[in-house]
Amino acid sequence: MSLLHLSFYSAFTLSGLGLAFHRTHLISALLCLESIILSIYVALSIWPIESQTTTPTLMPILILTFSACEAGTGLAILVASTRTHGSDHLHNLNLLQC
Amino acid sequence: MEPTLLINTSTLTTLMILITPILLPLLSKKFKNSPTIITHTIKIAFLASLAPMTLFLHSGMESIATYWEWKFIMNFKIPLSLKMDQYSTMFFPIALFVTWSILQFAMWYMASEPHIDKFFFYLLMFLIAMLTLTTANNMFLLFIGWEGVGIMSFLLIGWWQGRAEANTAALQAVLYNRIGDIGLILSMAWLASTMNTWEIQQATSSAQTPTLPLLGLILAATGKSAQFGLHPWLPAAMEGPTPVSALLHSSTMVVAGIFLLIRTHPMLTNNQTALSLCLCLGALSTLFAATCALTQNDIKKIIAFSTSSQLGLMMVAIGLNLPHLAFLHISTHAFFKAMLFLCSGSIIHNLNGEQDIRKMGGLQKLLPTTTSCLTIGNLALMGTPFLAGFYSKDSIIEGLNTSYLNTWALLLTLLATAFTATYSLRMTLLVQTGFTRTATISPTNENNPAIINPITRLALGSILAGLLITSYTTPTKTLPMTMPMSTKTTAIIATALGIALALELMNMTHMLTQPKQNTYLNFSSTLGFFNLLIHRHTPTKLLNSGQKIATHLIDLSWYKKMGPEGLANLQTTATKTTTTIHTGLIKTYLGTFALSILITLSAQTLNN
């Protein structure tokens, strides 16, 4: 694939792996989530240029909106868990553990 | 009257006479078997068996009588058919004559035995099995006789069952015979599947037979007739009482293997591989046994090795395509070998249990009749002209010299002939001549008709049997009549060389030269190292590999790896893996997230 495609594929993958394998703090997971969304935004922006149609030009704006809401929600969870458990360590979220 | 009917009826009469002592005690309670009754039964059966033999000699009539048919499966019938041909009509009187003499002797020899009735009963059972084997026309009946003689041999060798060596020897006999039985069953299976019959007529009618069933038959003969490779049981079988050795292991049972090959001879005729195998095996057996007999000190073991050597000679005759000569040798050999055993039994009892020839000597004056007959027997064994052994042995060696075969077999057989003379003469000289080396008080008394009559009867047979049989029966193949003088006298020269060698060896005894240990002496006295090497090594290896295969491989693999335990192990491993996923921690979910991403991306890449 072209260099452009490689750039946001690799950004997506690396961020996804970072989301999965950062084990200590919740905030690092949220940061990786943001970078996933960023790479998706870049990919969606490139798409109308490649297909020479103007209709999908709307998509990046929608994604941006959703990502902002999502970031806000994530931060709210972070603040809530810090208020209850005293830190944002991931292993505090263990209500489901048997 | 019609000869066929007479032959069939008289043979059946003989067999019925033999079965009488077994049936009558079952039918009436008053009838008790005793040794005298059984001996008289055998005598009457012998006289009755002279009838079919005379009919055969007079008219050349052979017959096959079928009495019953076992309809086994649809296409495969097993009849109970008895074949009265040259071999069985001639064998019957000879076997019964020898058995009669042996039983009469056994009444004296085993007189102090508490279970003498059972002993005679066993001998009678053995005889019936042997005669079944001889007259069988199909392999099934032959196999019944074969197994019967094997079982009775086991029971009779281990007669004195308190003695550990006797039990070991009996077990050895059964094991070695069993290995031969594998060969017999192989050929029976091949015959049943390829020719759909077990009748010997049908099996021998085809011109060419593949080598596989013949190898089976040769293996069977090797086991039963103690050829080299499956031979150690025959010297060990001397643990049994002397009448047992005389009957089973000299005249009748050990010739069963050779008899099988004689019966199935037409199958062997055109197969050069099988014939060469018989020839080389026989030559090797005869030389090996003769070599081992040179340094034996037990009188019965010398005679046992002599039997083994003569069996090798019979096998050589079969390998030369001369089955009638092998049968002639069986017939003449029965007489003098049984007589040698009876003489040795008389000597042993008269010396109060002494079997070592180094502790005998000068018996010619103490036991004149026995030792004279011992001399006659040894001379017949050596092939002295015009005694019984000459007609068969000399013919076989002439046949060897005038046929197209490998020189090695010829050389071995001639060497074995020389050795035969050597050990026979050594035994005679050490037992009969020289100064007495026995204990000072020996109750030597041979004035019992129970000893003298059988031995002299058999001596008469040893002298006359060869002449009578060759005069009255026509050979099936013409013997070569013209040959150079050196070829004709080869057997005599070999025997003379053996005698010279024996006389030289005797000097060592008289001049008290101590034999130094050398390789040849060690080879001969340890029976060729065969017993030492094979008897520990082979069973250990076999049993170990059996344990590996049966227990370790099959049990462990089926029960531990593939069966219940293996299943349980698989489940446990899978469960352990999935338990980490079921902990409910965030990282598991994040891990699945990463996995899904990776799978999707790789699928996309592969599609593109």
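Rules behind the numbers
- Residues numbered from 1 in each chain as written.
- Chains lettered and ligands numbered in written order.
- Predicted model: local features only at pLDDT ≥ 70, side-chain atom pairs only at ≥ 80, totals over all residues.
- Heavy atoms only, no water.
- Axes fitted to C-alpha atoms, helices over the stretch in contact; angles between N-to-C directions.
- Helix = DSSP H or I, 4+ residues; strand = E, 2+ residues; numbered from the N terminus.
- Parallel < 35°, antiparallel > 145°, perpendicular 65-115°, else oblique.
- Left-handed = near helix turned anticlockwise from the far one by under 90°.
- Contact = heavy atoms within 4.5 Å.
- Nonpolar A, V, L, I, M, F, W, Y, C, P; charged D, E, K, R; others polar.
- UniProt positions renumbered as here; feature names shortened; annotations may be inferred.
- Buried < 20%, exposed > 50% of the residue type's maximum accessible area, 1.4 Å probe, protein only.
- Polar contact = N/O pair within 3.5 Å; in protein donor to acceptor, adjacent residues only side chain to side chain.
- Pairing = 2+ DSSP bridges.
- pLDDT = per-residue confidence, 0-100.
- Salt bridge = Lys/Arg side-chain N within 4 Å of Asp/Glu carboxyl O.
- Patch = residues over 30% accessible without salt bridge, like charges linked within 9 Å, V, L, I, M, F, W, Y side chains within 5 Å.
- Areas by Shrake-Rupley, 256 points an atom, 1.4 Å probe, with all protein chains shown as cover.
- Phe/Tyr/Trp six-rings, centres within 6.5 Å; stacked < 30°, edge-to-face > 60°.
- Lys NZ or Arg CZ within 6 Å of the ring centre and 35° of its normal.

J.: With reference to specific residues and values, describe the packing of helix α1 (residues 3–21) of chain A against helix α26 (residues 586–607) of chain B.
T.: Look at α1(A) against α26(B): their axes get within 7 Å of each other, and the N-to-C directions meet at 160 degrees. What the angle tells us is that α1(A) and α26(B) run roughly antiparallel. For α1(A) against α26(B), the interelement crossing comes out left-handed. Every residue of α26(B) that contacts α1(A) at Tyr9(A), Phe12(A), Thr13(A), Gly16(A), Leu17(A), Leu19(A), Ala20(A) and Phe21(A) is listed here: Leu590(B), Gly591(B), Phe593(B), Ala594(B), Ile597(B), Leu598(B) and Leu601(B). A breakdown of the residues in the contact of α1(A) with α26(B) according to their chemical character gives 12 nonpolar, 3 polar and no charged.

J.: Summarise the UniProt feature "transmembrane region" (unreviewed entry) in chain A; cite the residues concerned and give the values.
T.: Per the UniProt record, "transmembrane region" (unreviewed entry) is found at residues 6–22, 29–49 and 61–80 of chain A. Helix makes up 100% of residues 61–80 of chain A and strand 0%, and the two end C-alpha atoms of the span are 29 Å apart.

J.: Can you tell me about the side chain of Asn297(B), naming the residues and giving the values?
T.: Residue and element names in this part refer to chain B. Turning to its location among the elements, Asn297 is positioned in the loop between α13 (272–293) and α14 (299–319). For Asn297, a relative accessible area of 19% gives the class buried. Looking at Asn297, its side chain comes within polar contact range of the side chain of Arg426, at 3.1 Å. What Asn297 contacts, discounting residues up to four positions off in sequence, is Gln355, Asp356, Ile357, Arg358 and Arg426.

J.: Before we move on, can you summarise the environment of Ala317(B) with the specific residues and values?
T.: Residues and elements named next belong to chain B. Secondary-structure assignment places Ala317 in helix α14. Taking the C-alpha atoms as reference, Ala317 lies 9.9 Å from Ile262; in sequence the two are 55 residues apart. What Ala317 contacts, discounting residues up to four positions off in sequence, is Leu322, Ala326 and Ile396.

J.: I'd love a proper account of the pairing of strand β1 (residues 63–73) of chain B, names of residues and values included.
T.: Residue and element names in this part refer to chain B. As paired elements, β1 and strand β2 (residues 76–84) share 8 bridges and run antiparallel to each other. Note that in β2 the partner of Thr66 across the bridge is Ser81. Between β1 and β2, which pair antiparallel and follow one another directly, the connecting turn spans 2 residues.

J.: Go over the confidence of the model for chain A with me, naming the residues and quoting the values.
T.: Chain-level statistics for chain A give a pLDDT mean of 88 and a share of 96% at 70 or above. Mean pLDDT in chain A bottoms out at α1(A), which sits at 88, and peaks at helix α3 (residues 59–85) of chain A, which reaches 93.

J.: Account for the pattern of salt bridges, with residues named and values stated.
T.: Residues and elements named next belong to chain B. Applying the stated criterion across every chain, the model contains 10 salt bridges over all chains. Across the pair Asp85 and Lys83 runs a salt bridge, and its minimum N-O distance is 3.8 Å. Its relative accessible area of 6% is what places Asp85 among the buried residues. Among the salt bridges present, the one from Arg358 reaches Asp356, with a minimum N-O distance of 3.1 Å. Judged by relative accessible area, which is 16%, Asp356 ranks as buried. Here the residues in one salt-bridge network are Lys83, Asp85 and Arg263, joined through shared partners.

J.: Lay out a nonpolar patch on the surface with the relevant residues and their values.
T.: All names here are of chain A. Together, Trp47, Leu58, Met59, Ile61, Leu62 and Phe66 line one region of the surface with nonpolar side chains, adding up to about 610 Å² of accessible area. Top element by residues in the nonpolar patch is α3. It accounts for 4 residues. Among the structural elements, Met59 can be located in helix α3.

J.: Just give me the short version of the packing of aromatic side chains, but keep the residues and values in it.
T.: All names here are of chain B. Evaluation of the coordinates by the stated rule reveals 25 aromatic pairs over all chains. Ring centres of Phe97 and Trp100 lie 6.3 Å apart, and the angle between their planes is 75 degrees; on these two criteria the pair is classed as edge-to-face. Here Phe97 pairs with Trp100, and both are found in helix α3 (residues 86–109), just 3 residues apart, close to one helical turn. As far as burial versus exposure is concerned, Phe97 and Trp100 are alike and both buried. Relative to Phe523, the ring of Phe288 lies with its centre 6.4 Å away and its plane at 90 degrees, an arrangement referred to as edge-to-face. Of the two residues, Phe288 is situated in helix α13 and Phe523 in helix α23 (residues 519–525); the sequence distance between them amounts to 235 residues. According to the relative accessible area criterion, Phe288 is buried, its value standing at 11%. In this structure Phe523 comes out as partly exposed when scored by relative accessible area, which is 32%. Sitting over the face of the ring of Trp100, Arg457 holds its NZ or CZ atom 3.9 Å from the ring centroid.

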